[in-house]
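Reading the structure
Next come the chains, spelled out residue by residue.
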Amino acid sequence: MPIMYNTGDWFTLQPNTYRKFDLHTPDWPIDLDLEYMKVVCAPYGGPIAVTRDPQQIVPIKGTAKPVIRIFDTAGQELSKIWWNHGKLISMGWSDMEELICVQDDALVFIYDIFGQEKESYSMGQEASLTKILDAKIFQSSTGTGVAVMTTNGRIFLKHNNTKDFRSRLLPEMPKSSSECSCWELVTEDRNSYCLLGRDREIIKLFPGESLGSITRNLIDKSFERILLIAVSYDHQNLALYTNTGVLWMGNVDMKEKYCEFDTGRKDIPKQIEWIMNADKTGSDAVVIAYPSFLLVVNRNGDKNLFTYDNAIYLVSEMDGVRILTYNSHEMIQKLPKCVQNIFAINSQEPSSFLFEAQKKFQEKSYQADEYLSLFRDRMDAAVDECIEAAGYEFCTITQKSLMRTSYFGKGFIASHNPDKHVQMLRILRVLNTLRHPRIAMPLTIKQFQHLKPEVILARLVFRKHYAIAIQVAKHLKLPESWILEHWAFHKVMNDKNDNEVARKITEKFKNPSIEGISFCNIAEKAYAAGRDELAIKLLELEPRAFLQIPLLLKLGKYDRAVQSATQSGDTELVASILMEIKKKMMLTNFHMIIREYPMALNIYKKIMNEWSRTALYDIYNTEDDHKSIAEYHFKNALETDSLESNLPIIANSYTQGRRNVEAELCSDTNKLMKLQKALTNKYTSIYGHIPFYRLSVHSTIEKLLELGEMKEAEKVKNDFKVPERRFWWLRIISLSNKYKWDDLEKFSKSKKSPIGYEPFVEVCLKQNNLTEARKYILKCREDRKSYWYLRAGLYDEAADTAYDQKDFNTLYILQQKANTTGNRQLLEKINTYIAVLASKK
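Residues numbered from 1 in each chain as written. Predicted model: local features only at pLDDT ≥ 70, side-chain atom pairs only at ≥ 80, totals over all residues. Heavy atoms only, no water.

Put simply, the test is: UniProt positions are given in the numbering used here, feature names are shortened, and annotations may be inferred rather than shown by experiment.
Going by the annotation in an unreviewed UniProt entry, the name recorded for the protein is Vacuolar protein sorting-associated protein 16 homolog, with Glossina austeni given as the source organism. Taken directly from UniProt, the Sequence similarities (unreviewed entry) text for the protein runs: "Belongs to the VPS16 family." What the UniProt record of the protein gives under Function (unreviewed entry) is the line "Plays a role in vesicle-mediated protein trafficking to lysosomal compartments including the endocytic membrane transport and autophagic pathways. Believed to act as a core component of the putative HOPS and CORVET endosomal tethering complexes."

Structural data, given as structure tokens:
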């Protein structure tokens, strides 16, 4: 195969091939000199933060106050941050494109890309007191983290995405007279730990350990100290750079060494970054940035050199390394296999033959058929590989050639599914739009697939690229309503013509296919901006009534607020709305509103029942709610100890409300209270003070039985229709408590017991009277006798009964008790019973 036009940027590091290609040339401001700047770039084509490097001596133009300037990758300035805090130690970007700034007193400030401060926090009192020497912003499985090194060598970690605001202290470093020369953070599963270079050793500080561990003798070549540590994007590989220019490459746990490479350089590199493979199979090479050139070295010690201007900055990506200079913005990545298969010299892959066949077909050459004959049985694989390769290309001409080739090839496949082809066309159109200098988000297809379209849309919206975001959403068939909502916010805040804003928003949102639009959110923005008329117009467009409530209250539309709350069916919402409105209205007007809505009225009654029963009575009286009036009087009577005098009033209210059962209960209660009053007067003169007042019918009978007033007790039982079973229980308990065993026996023989004879046994055992208990056990059911003998501790009788009933469970329980007590005679008897019963099975 001939050499294709896009292979000039390839280079080989045996056994792999890499490529370096342009993204787009940034157009930096004239007053910006990157050589004297501290530059931090966000991954995934994100923004770039630039501030003057205080360690370099440079003439200051203008104010001496530090300024952080934020640019996009095309060099367009997005914002400025005038640094009015303490000494800035380090900067970095979060996974949410937030600029994280750490200063020497351990305070961390977070800004958005437009320079607005979002939040701040401290890394802890200890870190604040000892001051910060250096800081790292790193990515982990739990999000973005901040690590700081204090002047006494302690390291604190904090993950921004966690709810725990406390920083975590890593173990102490082993004592030494030498200082650490470099350090880096590594994430392993959900843990983040630190690797530090000190002289010829690597120190590992892992959370939970008491002291850091030391690894020595990693590098065979002669050196004095480790100057740089670099960890790959996936935290699986490690690179170390020494003062003698030796590069060590291995896995992050330092158990496997890939190679040692002598660069032959004495100057210190500015950065080292690993090149991640596009297919996520790891990292095979590193890029070393020196002041004026790049050195690319792979695991086998093969190298390649590129010359640049003095200011070079590397950005580690998930599928390569971006190179940012004043005059260029490039990317180095391992050549994707599909691209290599198509464009490599002398490639024998089907996709390469298909690409050449399509070219010959355009030239109307007969050779097209000759190429096709070489791979017709593998046409599917060739078409798919051309589609995949198009996604990896940044050059639009190459993209078109590859997609044209795939279109040409699929014509030779019967029943070909075009979904892959169409989807790639959509993705390429979106990627090319994002890569345009106006948008300046040079994403690769792997980054696009990793971030997901929803995240990319959110970033476009935040940058106020509304038109592009809507087109991207349409192109990828994603919801666009939330984008329009953000656009509406922008219009409300910046367009001062109410009628024009309302017209534009109404026109945009009149499409019935658009769902999920919250006009209330837009109206809220209008109200916050002091545009009440616009807010009301927008509020009328909201179909979901319950969303209107907060703003209706602010606007003083109380009647509509109650209506919307009741329509929602949310009782808690209705209650909160009623209390809010009550504070702002006259009570009479308030009552007039809630009477129109039964649900709201009932909820208000419930609230007033707990807070103000006087207000509750007024509502009941107005509505002639006699049942509620009766309950109101009843509750007041209980609280004021005036139930007896109020019972006729309560009964009358229940009668007026046609609640006959409740009225009858009131009459019975009144009758009981009069009886109790008479009993108290009668027996106090005989026995001293005997209180019957407010006792239940049950307790009244119990008290009379205790006094021995059997006839009076039976009269109360009959008058109030107390069940016979309950009366027997009360009589049994009363006689046993007085130890009247003869009377108890007479009572048991008076007639057949409605509750059986087990209660008799129960009360006898409670009083520890086994003699009496035996009498009643004999009257119990046969299948219950062994249980009660066991309860009474009459083990011999229990054994005999259990044997008669063939009750193995009771025999086993008795066997265990006999073993415990050491009763051999009983044990032998039980064993005999068990053996006999077992033989009869």
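**Some points on unusual backbone geometry**
We apply this condition: The secondary structure listing takes helices from DSSP runs of H or I that are at least 4 residues long and strands from runs of E that are at least 2 residues long, numbered from the N terminus. The buried label applies to any residue whose accessible area, calculated with a 1.4 Å probe on protein chains only, is under 20% of its type's maximum; exposed applies above 50%, and partly exposed to all values in between.
Following Q14, the chain continues to P15 via a peptide bond in cis, the omega torsion being 10°. Relative to the helices and strands, P15 resides in the loop between β1 (10-13) and β2 (16-22). The backbone of S415 sits at a positive phi, close to 55°, despite the residue not being glycine. Despite not being glycine, K464 shows a phi value in the positive range, around 70°. If you trace the backbone, K464 turns up in the loop between α9 (453-462) and α10 (466-475). Given the relative accessible area of 43%, K464 is considered partly exposed.

**As for the environment of S352**
The line we're drawing: As used in this structure description, the phrase polar contact means that two N or O atoms lie within 3.5 Å; if the pair is within protein, one of them must be able to donate a hydrogen and the other to accept it, and residues adjacent in sequence are counted only when both atoms belong to side chains.
Here S352 is to be found in helix α3 (residues 350-362). As for S352 and A382, which are separated by 30 residues in sequence, their C-alpha atoms are 7.8 Å apart. Within the structure, S352 has its side chain in polar contact with the backbone oxygen of I342 (distance 3.1 Å).

**Overview of the packing of helix α16 (residues 558-568) against helix α17 (residues 571-584)**
Going by this rule: Whenever a helix is involved, its axis is fitted only over the stretch in contact; in every case the axis is a line through C-alpha atoms, and angles between N-to-C directions fall within 0 to 180 degrees. Oblique is the label for every angle not falling under 35 degrees (roughly parallel), over 145 degrees (roughly antiparallel), or within 65 to 115 degrees (roughly perpendicular). Here a crossing is called left-handed whenever its near helix is offset anticlockwise from the far helix by less than a right angle, and right-handed whenever the offset is clockwise. Residues count as neighbours in contact if any of their non-hydrogen atoms are within 4.5 Å of one another. Nonpolar residues are Ala, Val, Leu, Ile, Met, Phe, Trp, Tyr, Cys and Pro. Charged residues are Asp, Glu, Lys and Arg, and all others, Gly as well, are polar.
Axis separation between α16 and α17 bottoms out at 9 Å; the angle between their running directions is 165°. With respect to α17, the element α16 is oriented roughly antiparallel. In this structure, α16 meets α17 at a crossing whose hand is left-handed. Contacts between α16 and α17 involve Y558, A561, V562, A565, T566 and S568 from the former and L573, V574, I577, L578, I581 and K584 from the latter. Among the residues making up the contact of α16 with α17, the classes are represented as nine nonpolar, two polar and one charged.

**Regarding the pairing of strand β17 (residues 201-205)**
The line we're drawing: Any two strands are treated as partners once DSSP identifies two or more bridges connecting them.
Most of β17 is tucked away, with four of its five residues classed as buried. In this structure, strand β16 (residues 191-198) lies alongside β17, joined through five bridges in antiparallel fashion. For L195, the partnering residue across the bridge sits in β17 and is K204. Linking β16 to β17, which pair antiparallel, is a turn of two residues; within it D199 sits at a positive phi near 55°. Examined bridge by bridge, β17 and strand β18 (residues 213-215) share three bridges and lie antiparallel to one another. Residue K204 lies in a different strand from β18, and its bridge partner there is S213.

**Remarks on the packing of helix α31 (residues 795-804) against helix α33 (residues 824-839)**
Viewed as axis vectors pointing N to C, α31 and α33 meet at an angle of 5°, and their least axial separation amounts to 10 Å. Classed by the angle they form, the pair α31 and α33 counts as roughly parallel. Residues Y795, D796, A799, D800 and Y803 of α31 form the contact with α33, whose participating residues are L826, K829, I830, Y833, V836 and L837. Looking at side-chain class alone, the contact of α31 with α33 contains eight nonpolar, no polar and three charged residues.

**Description of the pattern of salt bridges**
Our working definition: We count a salt bridge whenever a side-chain nitrogen from Lys or Arg sits within 4 Å of a carboxyl oxygen from Asp or Glu.
According to the stated counting rule, one finds 29 salt bridges in the structure shown. Here E260 ties to K257 by a salt bridge, and the two come within 3.0 Å at their closest N and O atoms. The exposure class of E260 is buried, given its relative accessible area of 16%. Residues E758 and R784 are paired through a salt bridge, measuring 3.0 Å at the closest nitrogen-oxygen approach.

**Re the sheet that holds strand β14 (residues 168-169)**
Taking strand neighbours across the sheet as the criterion, the four strands line up as β11-β12-β13-β14 in an open arrangement whose pairing is antiparallel. Of all the strands in the sheet, just β11 (132-140) and β14 have a single pairing partner and so form its edges. Examined bridge by bridge, strand β12 (residues 143-150) and strand β13 (residues 155-159) share five bridges and lie antiparallel to one another. Bridging across to β13, G145 finds its partner in H159.

**Focus on the pairing of strand β19 (residues 226-231)**
With respect to burial, β19 is a largely interior element, six of its six residues being buried. Note that β19 and strand β20 (residues 237-242) share five bridges and pair antiparallel. Bridging across to β20, I229 finds its partner in L240. With antiparallel pairing between neighbouring strands as the criterion, β19 and β20 make up a hairpin whose turn holds five residues, including H235 at a positive phi of roughly 60°.

**Description of the side chain of T73**
Here T73 lies in the loop between β5 (67-71) and β6 (77-82). Among the polar contacts listed, one links the side chain of T73 to the side chain of H24, at a separation of 3.3 Å. Looking at T73, its side chain comes within polar contact range of the main-chain oxygen of A440, at 2.9 Å. Contact partners of T73, with chain neighbours within four places excluded, come to H24, P26, G45, G46, I48, R322, H329, A440, M441 and P442.

**A short note on the packing of aromatic side chains**
Defined as follows: Stacked, tilted and edge-to-face are the three classes assigned to paired rings of Phe, Tyr and Trp, where Trp is represented by its six-membered ring and a pair needs centres within 6.5 Å; plane angles under 30 degrees give stacked, over 60 edge-to-face, the rest tilted. The criterion is that NZ of a Lys, or CZ of an Arg, lies within 6 Å of the ring centre and within 35 degrees of the ring normal, and then a charge sits over that ring.
Across all of its chains, the model carries 23 aromatic pairs by this definition. Here the aromatic rings of F21 and F394 are separated by 5.1 Å at their centres, their planes lie at 45°, and the arrangement is tilted. Linking F21 in strand β2 with F394 in the loop between α5 (379-392) and α6 (396-410), this pair joins segments that are 373 residues apart in sequence. With a centroid separation of 6.3 Å and 65° between ring planes, the pair formed by Y739 and W741 is classed as edge-to-face. Aromatic ring contacts, followed pair by pair, group W728, Y757, F760 and Y776 into a single cluster. Its guanidinium or amino end placed over the ring of F223, R200 lies 4.4 Å from that ring's centre, counting from NZ or CZ. We note R265 situated over the ring of Y290; from NZ or CZ to the ring centre the distance is 5.4 Å.

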